[in-house]
Amino acid sequence: MTINETQDEIIEEFELFDDWADKYEYIIDLGKKLEGMPEEQKTEDNIIKGCQSRVWLNARKENEKLVFEADSEAIIVKGLVHMLIRVLSGHTPQEIYDADLYFIDKIGMSQHLAQTRSNGLASMVKQMKIYALAYQ
């Protein structure tokens, strides 16, 4: 699937929920599904700066595509990073760098996240784009 196809799929999933309590529950469920990352990858170098809770993000290149791993101490953040990984992981660095992540606004995350969580989400996106640039 393309990045935009995956974003559209996430938008459709969120349209199934009527209120934000249900959407938050879904994000928490996604967080529980995040595989996380090995403890040895949870280093200071892999911590995302600008997040309220600790978030670790790592990228590696496999067959010309980037694969992301992440983990967080906060379950809601794990859900957010799970969605970002779902959208961006497995694509070329150029595709990731050029991606317009419109699903964040379309599902209402921008309006419903606390300012600190929004800043953290923006920091995660920024770090993924930095990885994409570095691997080009």
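Before going into details, it helps to say that this report is about the structure given with it. This one's a predicted model, so the numbers in the text were calculated from it and none came from an experiment.

Looking now at unusual backbone geometry. Here the phi dihedral of N63 falls at roughly 50°; this positive angle occurs in a residue that is not glycine. Along the polypeptide, N63 turns up in the loop between strand 1 (55-62) and strand 2 (65-72). Residue class for N63 comes out exposed when judged on its relative accessible area of 75%. Non-glycine residue E64 carries a positive phi angle of around 70°. Under the relative-accessibility criterion, E64 is labelled exposed at 55%.

Looking now at helix 7 (residues 115-135). Its 21 residues place the ends of helix 7 30 Å apart at the C-alpha level, agreeing with the 30 Å of an ideal helix rising 1.5 Å per residue. For helix 7, the set of buried residues is G120, L121, S123, M124, V125, M128, K129, Y131 and A132. Where helix 7 is buried, its residues touch strand 1, strand 2, helix 3 (75-88), helix 4 (93-98) and helix 5 (103-106).

Take the nonpolar core next. Counting 43 residues, the largest nonpolar core has F68, M83, L84, L88, L101, F103 and M124 as the members making the most contacts within it. Among the secondary structure elements, those contributing two or more residues to this core are helix 1 (3-15), helix 2 (20-33), strand 1, strand 2, helix 3, helix 5 and helix 7. The contacts of M83, once residues within four sequence positions are left out, are I10, F14, I27, L30, F103 and I107.

The next subject is the pattern of salt bridges. Per the stated rule, a full pass over the model turns up nine salt bridges. Of the charged contacts in the structure, one is a salt bridge between K61 and E64, with a shortest N-O distance of 3.6 Å. Taking the relative accessible area as the measure of exposure, K61 reaches 35% and is therefore partly exposed. A salt bridge links K78 to D71; the shortest N-O distance between them is 3.4 Å. For the pair K78 and D71, one class covers both residues: buried. Each of E39, K42, D71 and K78 takes part in a single network of salt bridges with overlapping partners.

Our focus in this paragraph is the environment of T92. For T92, the location among the structural elements is in the loop between helix 3 and helix 4. Taking the C-alpha atoms as reference points, T92 and E62, separated by 30 residues in sequence, lie 9.5 Å from one another.

Right, let's get into a negative patch on the surface. On the surface, a cluster of negative charge is made up of D18, D19, D22, E25 and D29. Tracing the backbone through its elements, the reader meets D22 in helix 2.

Rules used in this analysis
- Residues numbered from 1 in each chain as written.
- Predicted model: local features only at pLDDT ≥ 70, side-chain atom pairs only at ≥ 80, totals over all residues.
- Heavy atoms only, no water.
- Helix = DSSP H or I, 4+ residues; strand = E, 2+ residues; numbered from the N terminus.
- Buried < 20%, exposed > 50% of the residue type's maximum accessible area, 1.4 Å probe, protein only.
- Expected span 1.5 Å × (residues − 1).
- Contact = heavy atoms within 4.5 Å.
- Core = buried A, V, L, I, M, F, W, Y, C linked by side-chain atoms within 4.5 Å.
- Salt bridge = Lys/Arg side-chain N within 4 Å of Asp/Glu carboxyl O.
- Patch = residues over 30% accessible without salt bridge, like charges linked within 9 Å, V, L, I, M, F, W, Y side chains within 5 Å.
- Areas by Shrake-Rupley, 256 points an atom, 1.4 Å probe, with all protein chains shown as cover.
- Lys, Arg positive; Asp, Glu negative; His and termini not counted.
- Charge placed at Lys NZ, Arg CZ, Asp CG, Glu CD.

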